[in-house]
Amino acid sequence: MWFKTIFGRKAGAAERPLFDEAFLRRLERLSLQAQPALRGRPAGGEHLSRNQLPSTIFSDHRPYSYGDDYRYVDWNAYAHQEEVFVKLGEIEQSVSIHVLLDVSRSMAWGAPPKLRVAQQLAATLGYLALAHHDRLHVALFGTAALSRFGPAQGKGRLLDLLRFIEQARADQPTALAQSIGTYARRQINGGVLVICSDLLAPEGLDQALQALVAPRWQTLVLHLLDPRELKPDLSGALELEDAETGQRLALTLDPDTLAAYRNHVSAWQEQLATACARRGVTYAQVLTDWPLERQVVPYLRARRILQ
C-alpha cells in the first residue's frame, strides 16, 4: 500500500486536459448537495437554509413585529383571527465550498497518477461551485496548507481555477491531521469541505476529522485508490520503495503474503469508513481507472454528493 515499484514507472496521462467544454456544459445540470444547517449567505445562492425570513412563498407564520414589511403580512389570517401575522418562507443561500487537494509524494504514483484524478475531481467540484454562485476555496496540502485559490464566485473564474489546479505537483511529505486542522481553524464560517487524498498518512484520518465538527462543517472524503493497490499484479522477489520516504524493502511476494496484504487493505478501508461514519462524514472511494463522466459522476450522484 505504501510502496511503489522502482521499476517500470509509466507517464504521459498528465499531458491531457482535465476535461473538455462539452463535459462542462453537461455538468452544469448538477450541483453539490449542501446541508441546510450550514451557515451561508442569503444572497444569490441555491441551497436551502433552515433559517426562515418573511417571504411571499411561505410555510410558517410568526406574530408581526414593528418594522416588518407589510408585503409579507398574511391578511387572510388577520381577517379570520384579528391578529397580524407575517408569512415566513425558507430562504436559499450560497455556501462556502472548500476543496483540499493532497499533493504528498504518494499522489504521484499510479497509472494515471492519483494526483491527476484528484485534479479532475477538484476541477469538477470547483466548477459546480462557481456555476451555482457558491464561494469556492481550493487549497493544496502536504505537511501544511500550501498555496490557495479563492474565495471566488462565478464562472468567470473558471480559467483561473484550472490554471491553479494544473500547477499542483505531488512533491510534499504528508501531515494529514496537521494540514486539515490548521486549515479548518482559519475558516470560522465553515461550509462544505471536500478532501481529495489517498489518505496515506501515519496519523490516520480519524485524527484529521476531529477539527471538522458538524454543523459548522459538512465533510466529504474522496479516497483515491489505484486498482493495483487493491489487487497487486506483482509476484516473486521484488524491491519496493516507500513513495513518501524513499525507504526500500526487499521481499518475496508469494500467495500467502499477497493474501495477508489484501486482508490488511480491506481492514484499513473498513477502518476509514467507520471513522467517517462515526463523525457524520461522507466517505467515498474512487478508483483511478474510472472514467470521470461515465462512472465517477454517477457514483457521486448515487452517494448524494451531487444532485
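1. Points about helix H8 (residues 255-278)
Stage number 1. For H8, which comprises 24 residues, the first-to-last C-alpha distance of 35 Å matches the rise-based estimate of 34 Å (1.5 Å per residue) to within 8%.
Stage number 2. By the burial criterion, the buried members of H8 are Leu258, Tyr261, Val265, Trp268, Gln269, Leu272, Ala275 and Cys276.
Stage number 3. Looking at the buried residues of H8, the elements they touch are helix H6 (205-209), strand S9 (217-225), helix H7 (227-230), strand S11 (248-253) and strand S12 (282-287).
Stage number 4. The positive-phi residue at the C-terminal boundary of H8 is glycine 280, with phi of around 70°.

2. Points about helix H4 (residues 158-166)
Stage number 1. Looking at H4, one finds that the buried residues are Leu158, Leu161, Leu162, Phe164 and Ile165. Seen along its axis, H4 keeps its buried residues to an arc of 160°; they face one direction. Seen from the buried face of H4, the exposed residues on the opposite side, beyond 90 degrees, are Leu159 and Arg163.

3. Quick word on the pairing of strand S5 (residues 96-102)
Stage number 1. Burial within S5 is extensive, with seven of its seven residues counted as buried.
Stage number 2. In S5, alternate side chains face the same way, and those of Ser96, His98, Leu100 and Asp102 on one face and Ile97, Val99 and Leu101 on the other are all buried.
Stage number 3. Bridge analysis of S5 against strand S6 (residues 135-141) gives seven bridges, and the strand direction is parallel. The partner of leucine 101 across the bridge, within S6, is leucine 140.
Stage number 4. Where the polypeptide runs from S5 across helix H3 (residues 114-131) and back to S6, its parallel neighbour, the crossover connection is right-handed.
Stage number 5. Note: S5 against strand S8 (residues 191-197), five bridges, orientation parallel. By the bridge assignment for S8, leucine 100 is matched with isoleucine 195.

4. Quick notes on the packing of aromatic side chains
Stage number 1. Within the structure shown, the criterion is met by two aromatic pairs.
Stage number 2. Here phenylalanine 149 and phenylalanine 164 contribute two aromatic rings whose centre-to-centre distance is 6.0 Å and whose plane-to-plane angle is 35°, an arrangement assigned as tilted. Taken together, the residues phenylalanine 149 in strand S7 (residues 145-152) and phenylalanine 164 in helix H4 connect sequence positions 15 residues apart. A single burial state applies to phenylalanine 149 and to phenylalanine 164, both of which are buried.
Stage number 3. Considering the side-chain rings of tryptophan 290 and tyrosine 299, the 5.1 Å spacing of their centres and the 70° angle between planes classify their relative orientation as edge-to-face.

5. A few points about the packing of H3 against helix H9 (residues 292-302)
Stage number 1. One can describe the packing of H3 onto H9 by two numbers: an axis separation of 12 Å at closest approach and a directional angle of 60°. Seen along the crossing, H3 lies across H9 with a hand that is right-handed. Of the residues in H9, those touching H3 at Gln120, Leu121 and Thr124 are Leu292, Val296 and Leu300.
Stage number 2. Residues that form the contact of H3 with H9 fall into these classes: four nonpolar, two polar and no charged.

6. A word on the environment of threonine 143
Stage number 1. Along the chain, threonine 143 falls in the loop between S6 and S7.
Stage number 2. For the pair formed by threonine 143 and isoleucine 180, sequence separation is 37 residues and the distance between their alpha carbons is 9.5 Å.
Stage number 3. Beyond its immediate chain neighbours, meaning those up to four positions away, threonine 143 contacts Pro173, Thr174, Ala175, Gln178 and Ser179.

7. Some remarks on unusual backbone geometry
Stage number 1. The omega torsion of the bond from alanine 111 to proline 112 falls at 5°, within 30 degrees of zero and hence cis.
Stage number 2. With omega at 5°, the peptide bond leading from alanine 214 into proline 215 counts as cis.
Stage number 3. Counting through the fold element by element, proline 215 comes out in the loop between H6 and S9.
Stage number 4. One non-glycine residue, leucine 199, lies in the positive phi region at around 60°.

Thresholds, definitions, all that
- Residues numbered from 1 in each chain as written.
- Predicted model: local features only at pLDDT ≥ 70, side-chain atom pairs only at ≥ 80, totals over all residues.
- Heavy atoms only, no water.
- Helix = DSSP H or I, 4+ residues; strand = E, 2+ residues; numbered from the N terminus.
- Expected span 1.5 Å × (residues − 1).
- Buried < 20%, exposed > 50% of the residue type's maximum accessible area, 1.4 Å probe, protein only.
- Contact = heavy atoms within 4.5 Å.
- Arc of directions from axis to C-beta.
- Pairing = 2+ DSSP bridges.
- Right-handed = clockwise from strand over helix to strand, strands pointing away.
- Phe/Tyr/Trp six-rings, centres within 6.5 Å; stacked < 30°, edge-to-face > 60°.
- Axes fitted to C-alpha atoms, helices over the stretch in contact; angles between N-to-C directions.
- Left-handed = near helix turned anticlockwise from the far one by under 90°.
- Nonpolar A, V, L, I, M, F, W, Y, C, P; charged D, E, K, R; others polar.

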